[in-house]
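Observations on the model geometry
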Amino acid sequence: MNIIVVKDYKELSERACSIIENQIEMRAASVLGLATGSTPLGTYQELIQGYEEGRTDYSRVSTFNLDEYIGLSPDHPQSYRYFMNQKLFSHINISDENTYIPDGKAEDLQKECIRYERLVEEIGPPDLQLLGIGENGHIGFNEPGTSFESETHIVQLTDSTREANARFFSSMEDVPTQAVTMGIRSILKSRRILLLASGERKATAIKQFIESERTEQFPASSLKDHQDMTLIVDQAAYQKAIEKET
Ligand code: F6R
């Protein structure tokens, strides 16, 4: 595992952006795995700027998002489809039909999970998967206890994850209780993985990530066995991991 420690969020976003841009430069028809949440927002802004400056062409790029809330339609402002359209897709020249996100309103959600996993296999697996990490070590919506053999599946969101995400909703009751997420096994299929962590809020999770053995109680630890895994972390998120060394 590669660990890149950067000064702050701005530098983290720039580094992540340049890794993604290099990937697209190497292969114009790259498949990218993408995440939502606060962490990748700066990276997406950098990618948009790069596009506007003519650095990157997304016309042949495909993307797979990790997860989607169950029950929210694509035009619901808190759906992950809406988030991706607003924060990235509508600002670059990617074709709509090349952007894949699980359908949280599918009539048969079990079938939707199987369909999505097949798509990941057929079109992907991603050349590069971008990930954030939850304070409890989750990746995607794979909460502690999720099998490392899991593929795309339906999850019951834990109270801590719902609370962490409540800031985007007007009240706690509005936060969905379930989601569709790519599983740990699905994520590990990616050729390269880029995990981002920023801010003090993530310091405990990063310390645990660096120190822990592979355990299903801490989903991000599954990444430690991946053959091409890079963690970009800013000083605030890295501080507790260093405290131990000194
Ligand atoms: C989002 C996702 C989640 C987030 C994680 C961190 O698609 O899969 O695992 O990456 O919850 O969220 P932020 O970045 O908001 O701290």
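Here the structure is a predicted model, which means the values were calculated and not measured.

**Comments concerning the overall build of the protein**
Looking only at helices and strands, the protein features eight helices and ten strands. The globule rule puts the C-alpha radius of gyration for 246 residues at 18 Å, and the 17 Å found for the protein is close to it. Residues counted as buried form 53% of the 246 residues belonging to the protein. Expressed as a percentage of contacts within the protein between residues at least 6 apart in sequence, the contacts between residues at least 24 apart total 78%. Side-chain charges in the protein split into 25 positive and 39 negative, and the spacing between the mean points of these groups amounts to 2 Å.

**Looking at the site of the ligand**
In the region of the ligand, 16 residues are neighbours, and S38, T39, H138, G140 and K202 sit closest. Between the ligand and T39 there is a distance of 2.4 Å, counted from an oxygen atom to a side-chain nitrogen or oxygen. Here the ligand has 410 Å² of accessible area as a free molecule, and 94% of this is covered by the chains. In this structure the site holding the ligand corresponds to the largest pocket.

**Examining the packing of aromatic side chains**
In this structure the tally under the stated criterion is seven aromatic pairs. An angle of 15° between the planes, with centres 4.8 Å apart, marks the rings of F64 and Y100 as stacked. Separated by 36 residues along the polypeptide, F64 in strand β3 (residues 62-65) and Y100 in strand β5 (residues 99-100) bring together distant segments of the chain. When the ring of Y80 is compared with that of F141, the centres are 6.0 Å apart and the planes differ by 10°; the resulting orientation is stacked. Within this pair, whereas Y80 is found in helix α3 (residues 80-87), its partner F141 is found in the loop between β6 (128-131) and β7 (153-156), the two being separated by 61 residues in sequence. Every member of this aromatic cluster is reached through a ring pair, and the members are Y69, Y80, F141 and F169.

**Here we look at the sheet that holds strand β4 (residues 67-69)**
The antiparallel open sheet is built from three strands, whose spatial order is β4-β8-β7. In the strand order of this sheet, the two ends are held by β4 and β7, each with one partner. Geometrically, the sheet is characterised by an average inter-axis angle of 25° between neighbouring strands, direction not taken into account. Each of β7 and β8 (178-181) touches helix α4 (residues 109-123); the most contacted strand, β7, lies at about 125° to it.

**Some details on empty space enclosed by the protein**
Under the defined criterion, the tally for this structure stands at one cavity of 30 Å³ or more. Here the largest cavity defines a volume of roughly 30 Å³. L32, L34, Y58, V61, T63, L88, I92 and I94 together form the lining of the largest cavity. By residue class, the composition of the lining of the largest cavity is seven nonpolar, one polar and no charged.

**A few points about α4**
In an α-helix, one full turn covers 3.6 residues, which means residues spaced three or four apart are oriented alike. Between the first and last C-alpha of α4 there are 21 Å, a value that for 15 residues agrees with the 21 Å anticipated at 1.5 Å per step. Those residues of α4 that sit buried are L109, E112, C113, Y116, E117, L119 and V120. When α4 is viewed along its axis, its buried side chains cluster within an angular range of 155° and face the same direction. Away from its buried face by more than 90 degrees, α4 exposes Q110, K111, R118 and E122.

**Observations regarding the packing of helix α1 (residues 9-26) against helix α2 (residues 41-52)**
Packing of α1 against α2 brings their axes to within 8 Å, and their N-to-C directions diverge by 55°. With respect to α2, the axis of α1 lies oblique. You can see that α1 and α2 cross each other, and the crossing is right-handed. Side by side, α1 and α2 meet where Y9, K10, S13, E14, A16, C17, I20 and E21 of the first sit next to L41, G42, T43, E46, L47 and G50 of the second. A breakdown of the residues in the contact of α1 with α2 according to their chemical character gives six nonpolar, four polar and four charged.

**A short note on the nonpolar core**
A general tendency of soluble globular proteins is for nonpolar side chains to be buried together. Counting residues in each nonpolar core, the largest one holds 30 residues, and the members touching the most others are L131, I133, I187, L195, I206, F209 and L223. The next biggest cluster of nonpolar side chains, apart from the first, holds 27 residues, and it includes L32, Y44, V61 and I94.

Criteria and cut-off values
- Residues numbered from 1 in each chain as written.
- Predicted model: local features only at pLDDT ≥ 70, side-chain atom pairs only at ≥ 80, totals over all residues.
- Heavy atoms only, no water.
- Helix = DSSP H or I, 4+ residues; strand = E, 2+ residues; numbered from the N terminus.
- Rg over C-alpha atoms; globule rule 2.2 N^0.38 Å.
- Buried < 20%, exposed > 50% of the residue type's maximum accessible area, 1.4 Å probe, protein only.
- Contact = heavy atoms within 4.5 Å.
- Lys, Arg positive; Asp, Glu negative; His and termini not counted.
- Charge placed at Lys NZ, Arg CZ, Asp CG, Glu CD.
- Near = heavy atom within 4 Å.
- Polar contact = N/O pair within 3.5 Å; in protein donor to acceptor, adjacent residues only side chain to side chain.
- Areas by Shrake-Rupley, 256 points an atom, 1.4 Å probe, with all protein chains shown as cover.
- 1 Å grid on protein atoms, 1.4 Å probe; cavity = no way out; pocket = protein on both sides within 12 Å on 5 of 7 lines; lining within 4 Å.
- Sits in = over half its atoms within 2 Å of the grid points.
- Phe/Tyr/Trp six-rings, centres within 6.5 Å; stacked < 30°, edge-to-face > 60°.
- Pairing = 2+ DSSP bridges.
- Axes fitted to C-alpha atoms, helices over the stretch in contact; angles between N-to-C directions.
- Points joined across faces, edges and corners; volume = space filled by probe spheres on them.
- Nonpolar A, V, L, I, M, F, W, Y, C, P; charged D, E, K, R; others polar.
- Expected span 1.5 Å × (residues − 1).
- Arc of directions from axis to C-beta.
- Parallel < 35°, antiparallel > 145°, perpendicular 65-115°, else oblique.
- Left-handed = near helix turned anticlockwise from the far one by under 90°.
- Core = buried A, V, L, I, M, F, W, Y, C linked by side-chain atoms within 4.5 Å.

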